[in-house]
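# A structural walkthrough
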Amino acid sequence: MRIILLGSPGAGKGTLAAEIERKYPVAHISTGDIFRENVKNNTPLGLEARAFLDSGRLVPDDIVIAMMEDRLREPDCEKGFILDGFPRTVPQAEALEKILEELDLKLDGVVLLDVDEETVVRRLSGRRVCRNCGAIYNLFFRPSSKGDLCEKCGGEVYQREDDREEVVRSRLKVFYEQTAPLIDFYGEKHTLSRLAADRSGRHHSLLEDLERAVGISE
Ligand code: ADP
Ligand code: ZN
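Residues numbered from 1 in each chain as written. Chains lettered and ligands numbered in written order. Predicted model: local features only at pLDDT ≥ 70, side-chain atom pairs only at ≥ 80, totals over all residues. Heavy atoms only, no water.

### Side note on the sheet that holds strand S7 (residues 157-158)
Taken together, the three strands give an open sheet; going across it, the order is S6-S5-S7, and neighbouring strands pair in antiparallel fashion. Lying at the two open borders of the sheet, with one neighbouring strand each, are strand S6 (136-138) and S7. Of the pairings in the sheet, the one linking strand S5 (residues 127-130) to S6 comprises three bridges and is antiparallel in character. Paired with Arg127 across the strands is Asn138, a residue of S6. Here helix H6 (residues 117-125) sits on the sheet and contacts S5 and S6; the angle it forms with S5, its principal contact strand, is near 35°. (Pairing = 2+ DSSP bridges. Helix = DSSP H or I, 4+ residues; strand = E, 2+ residues; numbered from the N terminus. Contact = heavy atoms within 4.5 Å. Axes fitted to C-alpha atoms, helices over the stretch in contact; angles between N-to-C directions.)

### Quick look at helix H2 (residues 31-40)
Those residues of H2 that sit buried are Thr31, Phe35, Asn38 and Val39. The buried residues of H2 all sit within an arc of 100° when viewed along its axis, so they share a single face. Buried residues along H2 sit against strand S2 (27-30), helix H3 (44-55), helix H4 (61-71) and strand S3 (81-84). Note on H2: the residue one or two positions beyond its end, Asn42, has a positive phi of about 55°. (Buried < 20%, exposed > 50% of the residue type's maximum accessible area, 1.4 Å probe, protein only. Arc of directions from axis to C-beta.)

### Re the coordination of the zinc ion (ligand 2)
The coordination sphere of the zinc ion (ligand 2), as far as protein atoms go, consists of Cys130 (SG), Cys133 (SG), Cys150 (SG) and Cys153 (SG), spread over 2.3 to 2.4 Å. Every donor counted, the four donor atoms about the zinc ion (ligand 2) form angles of 99 to 116° at the centre, which fits tetrahedral coordination. Taken in sequence order, the residues that donate to the zinc ion (ligand 2) follow the motif C-x2-C-x16-C-x2-C. Take Cys133: its relative accessible area is 41%, and that puts it in the partly exposed class. (Donors = N, O, S within 2.8 Å, 3.2 Å for Na, K, Ca; no water. Tetrahedral: all angles 85-135°; square planar, octahedral: opposite > 155°, others 65-115°.)

The following block contains the structure:
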């Protein structure tokens, strides 16, 4: 299974990708997670990326593309992968086509998660993350029963710098300007499936919708 998840910040790409990874043997590749891990460990890549992440701007294409060239060649990608947060610009999408061609791989689908902007702002500005185990909570929808501490491990629960409301607004602007053009890009080249990703009033889980959209099952 080789899938791209597209969608604005806060559309729920990471949550859905984690669900897929629990059920199917695939590598979940989140460029945001890779950058945050590098920032945390002060690697050269992290030092380059940090200012972009904190301000909600995109890391420059050449840095992202070089990183993904290496990542997609790792052995765990042979079982399949879900791309969460990549590509995010047209040049990144063009570079990905080239990498896949070199590796002789085809995509099974491109899935767009559709959520309205106000929901996204509440999801992101309310999001809190455990510093220790990465568990995700939300002040509005799913607070930790232990307040500022993680239910699972007791670690400190904090707000990502880029989840502050003003940064959220600029991340959304970046999405509409630089990433939304990929909807047309993939609409022409591949089958693009659009999933309504608002939780309320859903009859099926998002995972079931995705399985139907890309024609996979256990
Ligand atoms: P979200 O999708 O919620 O905005 P991510 O965790 O995917 O958050 O990304 C966080 C940040 O990492 C982005 O705001 C950007 O600075 C950087 N980033 C992640 N993926 C890319 C990418 N493909 N191209 C450029 N920057 C990226
Ligand atoms: Zn935790």
